Amino acid sequence: MNLSEIVTRLGLQTLTPEIQTSDSVSVSAGHASDLLSDVLANAPGGGVLVTIQVHLNVIAVAVHAGLAAVIFASERTPDEAVRQKAVEEGIRLYVSKESTFDVVGRLYQMGIRGHRA
Amino acid sequence: MKLSELVSKIGGRILTHANKATEVDIQRIYAGDTISEILNAASNTTLLVTNMSHNLLPRIAQLMDVPAICLVNGAVPGSDTLTLAEQRGTILVISPVDLFETCGRLYLCFDGSFKPSP
Amino acid sequence: MTTGSHEIRGGDYVHGGSASSSLKESLKKIGVEPADIRRAMIAAYEAEMNVVIHAHNGRMHYVIEDGRLEVEVIDEGPGIPDIDQAMQEGFSTAPPEARDFGFGAGMGLPNIKKNTDRLAIESLVGQGTQVRFTVFLRSQGETGASRTALKIISQACTGCLNCLRVCPTGALRVRNNRPIVLEHLCINCPACVQACTTGALRMATTESEPKARKGACLVVSDSFLTQFGPGISTQQVIKVLSEMGFSELHILEEWKKALRKACILYARENTRLRPVISPLCVAVVNLIQTRFPSLLPHLAPFLSPVEAVRSELGSRALVLSVTCPCQYAAALASASCKDIDVVSVVGLRGAVMRRLATLPREPQHAVEDKPIQAAPADSPSLLEVSGIRHVLRVLEEVENGLLGDVDVLEPCSCDQGCFGSPLFPEDAFVSRHRLAQGHVPQDPLAKAVERTTPLTARPGMRLDADMSQAIDKLARIDALHKALPGTNCGLCGAPSCLAFAEDVVMGRADRRDCARGPHDTERTP
């Protein structure tokens, strides 16, 4: 699934418009977690992370895991310092009004999948 | 939806108080790993789904009257967590897949008629 | 009263929460409304785990009394250098191990504030932190009855029974020198506070000085301005209040004026029911809901001044200085936990007195009498009635259709309106006179706010859930009442023989508590 289509269909707010449009970014995997240690260890490269963790370290972890984007759920919005770092590192950030559960559910409906243990 | 039905639909299994699962009605699902948020979202018809599996969870479930917690990645929790859950009457469910996949499957169990999330 | 005290071991994550669990058991045993237990649990658990995460050790102490839960969590730990910063969402100093347990998101203290009705945090770096919070509790199934805003100090009660006699709804009992409030009858008027000479019955607010904060609005009653003796003008008091460090100062008189205008206008537009009753005094509104529900349609559909202030200024931090329990309860009525601090006038008065002492005293001018303006020909007939005994009599007359010639009725439970509050040292008539001589600046924000939810009669306590049982109980109450002496002496601890009969049938009292009269009717089980 195309990242820009995900953004449109989920009605996400784009926090990092400076980063090029995501027409060419394709996403097929997702990860949901608020524990940065877990994201670092388990998030799939090229995947999208759904979380309410808005701490600065989220960006470093996203870079390390090679994530395509981070979607903050429940309207949690990181502060400007975090946003700036994301722009610097090229990590696309989005905000959804819906909860983690609902965002994941809708991504799942579009075909994004998690790991199978 | 009845918890027992939910569990079987997502391919999970029940570790504690399985007999209660048929009586528990789940109307809301909260997925996350932040204690403060879990406290706020908790209710007696909430299913908590989390990456965590530590032994604080049964206490929190009992304090907030949360009937069931779904753990993920197929990892069976430590014996202390199991014991505490038994003692406090909390139903522990294990899903074989990760949180993302578990929530996806749970989401599909509910049709559009009501909101699973608080 | 229920109390509990529990140790909290720092670093002991597994047992963290045990104090909160024990508190939960106490709350369940008393039969508290689940929604209130829930709020209390969130706050208690966050406070308890803060000790586990940050401190060496600590203690949780709680008291449940008079429909209120007071919790104190004290620790020996590093302390908090900047409490305002700690209250910011997202700010956390939790160690890494706490984060693996799901803590450290920086939502703990804000969560406590969100779920409690009052919160106070004190801390000394290098010594420790004290978190104190209050949660108002309702009984399970209780709906609409206002929480009592009275504080009862049983040790001070001498059994004089003055309070029993003055309560307009018979809500008090005194048993073994212990005052008890029947919450379903209490209207939060200050009659018992006024009648009590030993301080056993007080308002629930603390009497400490309010802390001035930038960004916070201070709201005071007009009657407060005249409590400082003859040499101090209202303008001087307003000046002192304005310089205490609050962003805005609002005087309730402007809001009362707005309400009066709105009631007069409402009376003009609705000519059917007379008199229109102004909801100026919350205790009177509660009284109508409890004892005069047939008069509910007479009430003009506006909020009382304190409630209007809360509604209009609720987005700002408010410090409300209240003159009576009903204002206290109205200010803290909802569980939405806006940033409202309710203080009693006693503490604020102390703060103002101190500052006034440093100012030069103004020479006393001979005060010019303001000319009495004759009311214009078409002005409505407005009747002010104050004092709870007068209010009761007048409301009875309204019920009997005897006040149809009055357009607007303004009833207040205290003499001369809020001037007669028992918390004020000055005589009600004197201070009212002083305010008339003084000048209160206009408040552009003052307005009457329309009530969005209609007022309903208080359900009262049902005699029994089963209708046939309830009828049976009524018959027994009637029979017992007839057998009692009927002198309403109060020695049994109830205000009247009828109240005592109900107490016996409902299991609140023993038949033998009546010192006089025959004892063979209604054997106690």
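Structure: above.
Scope of this entry: the structure provided in the associated data block. (Residues numbered from 1 in each chain as written. Chains lettered and ligands numbered in written order. Predicted model: local features only at pLDDT ≥ 70, side-chain atom pairs only at ≥ 80, totals over all residues. Heavy atoms only, no water.)

Focus on helix 15 (residues 428-437) of chain C
All names here are of chain C. Inspection of helix 15 places Ala428, Ser431 and Leu435 among the buried residues, and these make up the whole buried set. Down the axis of helix 15, the smallest arc covering the buried residues is 75 degrees, so these residues share one side. Contacts from the buried residues of helix 15 go to helix 8 (234-242) and helix 9 (252-269). Looking at where helix 15 begins, the residue whose side-chain oxygen comes 2.9 Å from the main-chain nitrogen of Phe429 is Asp427. (Buried < 20%, exposed > 50% of the residue type's maximum accessible area, 1.4 Å probe, protein only. Helix = DSSP H or I, 4+ residues; strand = E, 2+ residues; numbered from the N terminus. Arc of directions from axis to C-beta. Contact = heavy atoms within 4.5 Å. Polar contact = N/O pair within 3.5 Å; in protein donor to acceptor, adjacent residues only side chain to side chain.)

Here's the deal with the sheet that holds strand 11 (residues 248-251) of chain C
In sheet architecture, strand pairing relies on hydrogen bonds along the backbone and comes in two forms, parallel and antiparallel. Residue and element names in this part refer to chain C. Pairing in this open sheet of four strands is parallel, and the strands run 11-10-13-14 from one edge to the other. The open sheet has two free edges, formed respectively by strand 11 and strand 14 (340-344), since each of these has just one partner strand. Direction aside, the axes of adjacent strands within the sheet are offset by 20 degrees on average. Examined bridge by bridge, strand 10 (residues 216-220) and strand 13 (residues 317-322) share four bridges and lie parallel to one another. Note on strand 13: the bridge partner recorded for Val219 is Leu320. In the packing of helix 9 onto the sheet, contacts are made with strand 10 and strand 11, and the angle to strand 11 comes to roughly 45 degrees. Packing against the sheet, helix 11 (residues 305-313) makes contact with strand 10, strand 11, strand 13 and strand 14, and its axis sits at approximately 170 degrees to strand 13. (Pairing = 2+ DSSP bridges. Axes fitted to C-alpha atoms, helices over the stretch in contact; angles between N-to-C directions.)

A look at the nonpolar core
Generally speaking, nonpolar side chains in soluble globular proteins are found buried as a group. Counting 105 residues, the largest nonpolar core has Leu107(A), Leu47(B), Leu27(C), Leu69(C) and Phe103(C) as the members making the most contacts within it. Sort the elements by how many residues they give to this core and helix 2 (residues 34-54) of chain C lands first, with 12 residues. The residues touching Phe103(C), leaving out its near neighbours within four places in the chain, are Ile35(B), Leu56(B), Tyr13(C), Tyr45(C), Met49(C), Ile53(C) and Ala98(C). Counting 91 residues, the second-largest nonpolar core is a separate cluster that includes Leu241(C), Leu299(C), Val309(C) and Ile388(C). (Core = buried A, V, L, I, M, F, W, Y, C linked by side-chain atoms within 4.5 Å.)

Some points on the packing of aromatic side chains
Here the structure, examined in full by the defined rule, presents seven aromatic pairs over all chains. Relative to Tyr328(C), the ring of Phe136(C) lies with its centre 6.2 Å away and its plane at 90 degrees, an arrangement referred to as edge-to-face. With Phe136(C) in strand 5 (residues 128-136) and Tyr328(C) in helix 12 (residues 325-331), this pair connects stretches of sequence that are 192 residues apart. Tyr328(C) carries the same exposure label as Phe136(C), and that label is buried. By the ring-pair criterion, three or more aromatic residues cluster together here, those being Tyr13(C), Tyr45(C), Phe101(C) and Phe103(C). The ring of Tyr108(A) carries the charged tip of Arg113(A) above its face, separated from the ring centre by 3.8 Å. (Phe/Tyr/Trp six-rings, centres within 6.5 Å; stacked < 30°, edge-to-face > 60°. Lys NZ or Arg CZ within 6 Å of the ring centre and 35° of its normal.)

These figures come from the coordinates and say nothing about function on their own.
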